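Here is what each chain is made of, one letter per residue.
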Amino acid sequence: MGSAPLIPRRLARLLTLALLPAVLFLPAAAQGPASLLHKPAPQFVRSDLNHQPVDLSAYRGKVVLLNFWATWCAPCQIEIPRFVEWQSTYGGQGLQILGVSMDDDSGPVLALTRRRHVNYPVLMGDVQLGKLYGGVLGLPVTFLVDRKGNVAAVYKGQTDLAAMQREIRHLLSPGGQ
């Protein structure tokens, strides 16, 4: 009876040691969007709603706000007018906003972006693009990518937009990284 507790402990230790390397080297999709922080933003080329190519690498030298959203997401609806404002205000200073709709159908996305006068490219996302960005499992998820192409900040869920704006201003400033 005295040795019975050792078996579960030994088994737990053995399992921990066996699984530790797998956990440490999980792909970004399994670790979540935050695992991309301070790393190069995953590159992609997609067509926007106007059938124009959007190549993330073409925005090197700009600060990119990459926003994963959907038409059915209430917090996403709150962010869109602010993003439209920021694109107008900071676009000349080097900000480029890119929207990635995770909706299944582009029809509602096109209708909403027209109704909201969205002034930045919006493209349709999918599971593969979501996985590339750490597994986008809740919306909205926003990545700020610095001028060098590295993920500088990740915002998940309903976000303090004032804090996001401060980070954008910092990244746009001459010393911002």
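Cut-offs used in this document
- Position labels on residues start from 1 in each chain and follow its written sequence.
- Where totals are concerned, whole chains, interfaces and linings use all residues; where local detail is concerned, this predicted model gives features only for residues with pLDDT of at least 70, and gives and counts side-chain atom pairs only at 80 or more.
- Heavy atoms throughout the structure, all of them, feed into the side-chain values; hydrogens and water do not.
- By definition here, a salt bridge exists when the distance from a side-chain nitrogen of Lys or Arg to a carboxyl oxygen of Asp or Glu is within 4 Å.
- The helix count covers DSSP runs of H or I at least four residues long, the strand count covers runs of E at least two residues long, and both are numbered beginning at the N terminus.
- Categorising residues by exposure relies on relative accessible area from a 1.4 Å probe, with only protein chains included: less than 20% of the type maximum marks a residue as buried, more than 50% marks it as exposed, and the intermediate range marks it as partly exposed.
- By the convention used here, strands pair only if DSSP detects at least 2 bridges between them.
- Interaxial angles span 0 to 180 degrees and are taken between N-to-C directions of axes, which are lines fitted to C-alpha atoms, for helices over the stretch in contact.
- Between rings of Phe, Tyr and Trp, where Trp is taken as its six-membered ring, a pair exists when centres lie within 6.5 Å; planes separated by under 30 degrees are stacked, by over 60 edge-to-face, and by other angles tilted.
- The contact rule is simple, with two residues in contact once any of their heavy atoms fall within 4.5 Å.
- Any pair of nitrogen or oxygen atoms within 3.5 Å is treated as a polar contact; in protein, a donor-acceptor pairing is required on top of that, and neighbouring residues in sequence qualify only through side-chain atoms on both sides.

Enquirer: Looking at this structure, how should I read the pattern of salt bridges?
Expert: When charged atoms on two side chains of opposite charge get close, those side chains can pair. Applying the stated criterion across every chain yields a total of one salt bridge. Two residues, Arg-46 and Asp-126, come together in a salt bridge whose shortest N-O distance is 3.1 Å. In this pair, Arg-46 sits in strand E1 (residues 45-47) while Asp-126 sits in the loop between strand E5 (122-124) and helix H5 (127-132), placing the two residues 80 residues apart along the sequence. Overall, Asp-126 belongs to the partly exposed group, its relative accessible area being 28%.

Enquirer: Any chance you could explain the sheet that holds strand E6 (residues 141-145) here in plain terms?
Expert: Backbone hydrogen bonds are what pair the strands of a sheet, in a parallel or an antiparallel way. Here five strands make up an open sheet; going across it, the order is E5-E4-E3-E6-E7 and the pairing mixed. On the outer flanks of this sheet lie E5 and strand E7 (151-156), each paired with one strand and no other. Taken pair by pair, the neighbouring strands of this sheet meet at an average axis angle of 20°, ignoring direction. By the bridge criterion, three bridges tie strand E4 (residues 95-101) to E5 in an arrangement that is parallel. What sits directly across from Val-100, in E5, is Leu-123.

Enquirer: Just to check I follow, could you spell out the packing of aromatic side chains for this structure?
Expert: Centre-to-centre distance and the angle between the planes together describe a pair of aromatic rings. In this structure the tally under the stated criterion is five aromatic pairs. Seen from their ring centres, Phe-68 and Tyr-133 are 5.6 Å apart, and the 50° between their planes marks the pair as tilted. Within this pair, whereas Phe-68 is found in strand E3 (residues 63-69), its partner Tyr-133 is found in the loop between H5 and E6, the two being separated by 65 residues in sequence. Neither Phe-68 nor Tyr-133 differs from the other in exposure class; each is buried.

Enquirer: In this structure, what is going on with the environment of Glu-79? I would like to understand it.
Expert: Within the element layout of this structure, Glu-79 appears in helix H3 (residues 74-90). Given the relative accessible area of 2%, Glu-79 is considered buried. Considering only alpha carbons, one finds Glu-79 and Thr-159, 80 residues apart in sequence, at a separation of 8.7 Å. Setting aside anything within four residues of it in sequence, one finds Glu-79 in contact with Asn-67, Pro-140, Thr-142, Gly-157, Thr-159 and Leu-161. Of note is the side chain of Glu-79, whose polar atom sits 3.2 Å from the side chain of Asn-67.

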